[in-house]
Amino acid sequence: MAYTISVVSGKGGVGKSTFVANIGAALAASGHSVAILDTDLGLRAQDALLGLENKVVYDLLDVMNGTCGLETALIEVPAYPGLQLLAAAQFTRARALDPKKLRFLISRLKETHEFILIDGPAGLEKGFRNILASGSDRFILLVTPDDLCVRDGERAFQIMDAKKLERPCLVVNRLDNDLIQSGEMMNAESVAELLDLPLLGEIPEDPVVYRSILRHIPLIQYESEARNAILRIASRLTGASVPLPRYGSRKLSLWKKLFRSELKEVTPLDSH
């Protein structure tokens, strides 16, 4: 059975596109057929994240407008057999996307793929509402554990709830153990309770993520804690029961207590 999963966020800069690219790679690496559909018109990112920026000839709108066939526009990801990308149009705006044509396109992708991952545009404007009308089977709301992002995520969920869509699952990104333990950052469970949403996964802050972006190589090709978090989430999407790591909640070992780096005190500049 095929599933369409739309990943949305209330604001930009939370790591949504990176998350989608790596979940797609992780699912494909475990033997599933996956199509990533980049719907962030004018601001596409999936091609670069997957190292395909020089292979895009046709895009989402070309297929919708009949310029080319779906099979022609889909790009294979060489490192991950079974993973394909349908890139977003680079020089257009969200209003160019027809929700009815998007639904039809998704129905066609379901005939040949087990998972269709939709990278939705950030924010709550036209592009976001187009994704809500896509007929997705599941929604994932991605947030970071700060008040601004959580507030925007809550607004996104309210819009989805008003449209009587299925309740989204929550993924909390960029968690920092030290900040959580010092009380400066909420942990993933607190964010989930605040939004009243089921917690699908939590991803720690990890410098390897940015290095993978700079190299245009999926994160899951590097051994790191963020990679392990992505693999856990991908396993849950396939129905596996994988415990949450609960970043920031575990007591530090004696070794880490002795050699952990101290948090630098941050004080405001004197304005006088």
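These numbers come from a predicted model, not from an experiment. (Residues numbered from 1 in each chain as written. Predicted model: local features only at pLDDT ≥ 70, side-chain atom pairs only at ≥ 80, totals over all residues. Heavy atoms only, no water.)

1. Focus on the pairing of strand β7 (residues 169-175)
For clarity, the threshold we go by: Only protein chains enter the accessibility calculation, which uses a 1.4 Å probe; a residue is then buried when its area is under 20% of its type maximum, exposed when over 50%, and partly exposed in between. Here a helix means four or more residues in a row that DSSP labels H or I, a strand means two or more in a row labelled E, and each is numbered from the N terminus. For two strands to be treated as a pair, DSSP must find no fewer than two bridges joining them.
Within β7, 6 of the 7 residues are buried, leaving the element largely enclosed by the surrounding structure. Where strand β6 (residues 138-143) and β7 come together, 4 bridges link them in parallel fashion. Across the sheet, residue I140 finds its bridge partner in β7, namely C169. As defined by bridge partners, β7 adjoins strand β8 (residues 199-204) across 4 bridges and the pair is classed as parallel.

2. Examining the confidence of the model for the protein chain
Detailed conclusions should not be drawn from predicted coordinates in areas where pLDDT is low. So the rule is basically this: Each residue carries a pLDDT score, the predictor's confidence in it, ranging from 0 to 100.
Scored by pLDDT, the protein chain comes out at a mean of 90, with 90% of its residues at no less than 70. Least confident of the elements in the protein chain is helix α12 (residues 254-259), whose mean pLDDT is 51; most confident is strand β4 (residues 83-86), at 98.

3. So, the environment of K101
Examined against the element boundaries, K101 turns out to sit in helix α5 (residues 99-109). Judged by relative accessible area, which is 37%, K101 ranks as partly exposed. In sequence terms K101 and E205 are 104 residues apart; their C-alpha atoms lie 38 Å from each other.

4. Here we look at helix α9 (residues 188-195)
Worth spelling out the cut-off: Regarding the arc, it is the one traced by the directions from the helix axis to the C-beta atoms. Should any heavy atoms of two residues lie within 4.5 Å, those residues are considered in contact.
Residues of α9 that are buried: A188, E189, V191, A192 and L195. On an axial view of α9, the arc spanned by its buried residues comes to 160°, and they lie on one face. Projecting away from the buried face of α9 at angles above 90 degrees are the exposed residues E193 and L194. At its buried positions, α9 is contacted by β6, α7 (147-162), β7 and β8. Of the residues trailing α9, D196 is marked for its positive phi of about 55°.

5. A look at empty space enclosed by the protein
One way to see where empty space is left: roll a probe the size of a water molecule over the atoms. Rules: With a 1 Å grid laid over protein atoms only, a set of points is called a cavity when a 1.4 Å probe fits there but cannot get out and a pocket when it is open yet has protein on both sides within 12 Å along at least five of seven lines; lining residues have an atom within 4 Å of a point. Grid points are joined across faces, edges and corners, and a volume is the space filled by probe spheres set on the points.
Following the criterion strictly, the structure yields 2 cavities of 30 Å³ or more and no others. Roughly 40 Å³ of internal volume is contained in the largest cavity. For the largest cavity, the full set of lining residues is T18, A21, N22, L49, S212, I213, I217, P218 and L219. Elements that contribute at least two residues to the lining of the largest cavity include exactly α1 (16-29) and α10 (207-215). Per-element tally for the lining of the largest cavity: the top contributor is α1, with 3 residues.

6. Quick look at the environment of L102
You can see L102 is positioned in helix α5. Residue L102 is classed as buried on the basis of its relative accessible area, which comes to 0%. A C-alpha to C-alpha distance of 7.5 Å links L102 and M64, two positions 38 residues apart in sequence. When residues no more than four places from it in sequence are discounted, the contact partners of L102 are L37, T39, M64, L97, N130, I131 and S134.

7. Considering the environment of M185
Relative to the elements of secondary structure, M185 occurs in the loop between α8 (177-181) and α9. Residues M185 and S212, spaced 27 residues apart in sequence, show a C-alpha to C-alpha distance of 25 Å. Setting aside residues no more than four positions away along its own chain, M185 makes contact with P145, R174, L175, D176, L179 and I180.

8. A short note on the pairing of strand β5 (residues 115-119)
Counting buried positions along β5 yields 5 of 5 residues, so the element is predominantly enclosed. Here β5 shows two buried faces, one formed by F115, L117 and D119 and the other by I116 and I118. With 5 bridges connecting them, strand β1 (residues 3-8) and β5 associate as parallel partners. Paired with I5 across the bridge in β5 is L117. Strand direction decides the pairing type here: strand β2 (residues 34-38) and β5, joined by 5 bridges, are parallel. Within the sheet, the bridge partner assigned to D38 lies in β5 and is D119.

9. So, the layout of surface pockets
Worth spelling out the cut-off: Residues are grouped as follows: nonpolar covers Ala, Val, Leu, Ile, Met, Phe, Trp, Tyr, Cys and Pro; charged covers Asp, Glu, Lys and Arg; every other residue, Gly included, is treated as polar.
Approximately 390 Å³ is the volume attributed to the second largest pocket. Around the second largest pocket sit 24 residues that line it, and V14, G15, K16, T18 and N173 are the ones nearest its centre. When residues of the lining of the second largest pocket are assigned to their parent elements, the largest contribution, 5 residues, is made by α1. Considering only residue class, the lining of the second largest pocket consists of 10 nonpolar, 8 polar and 6 charged.

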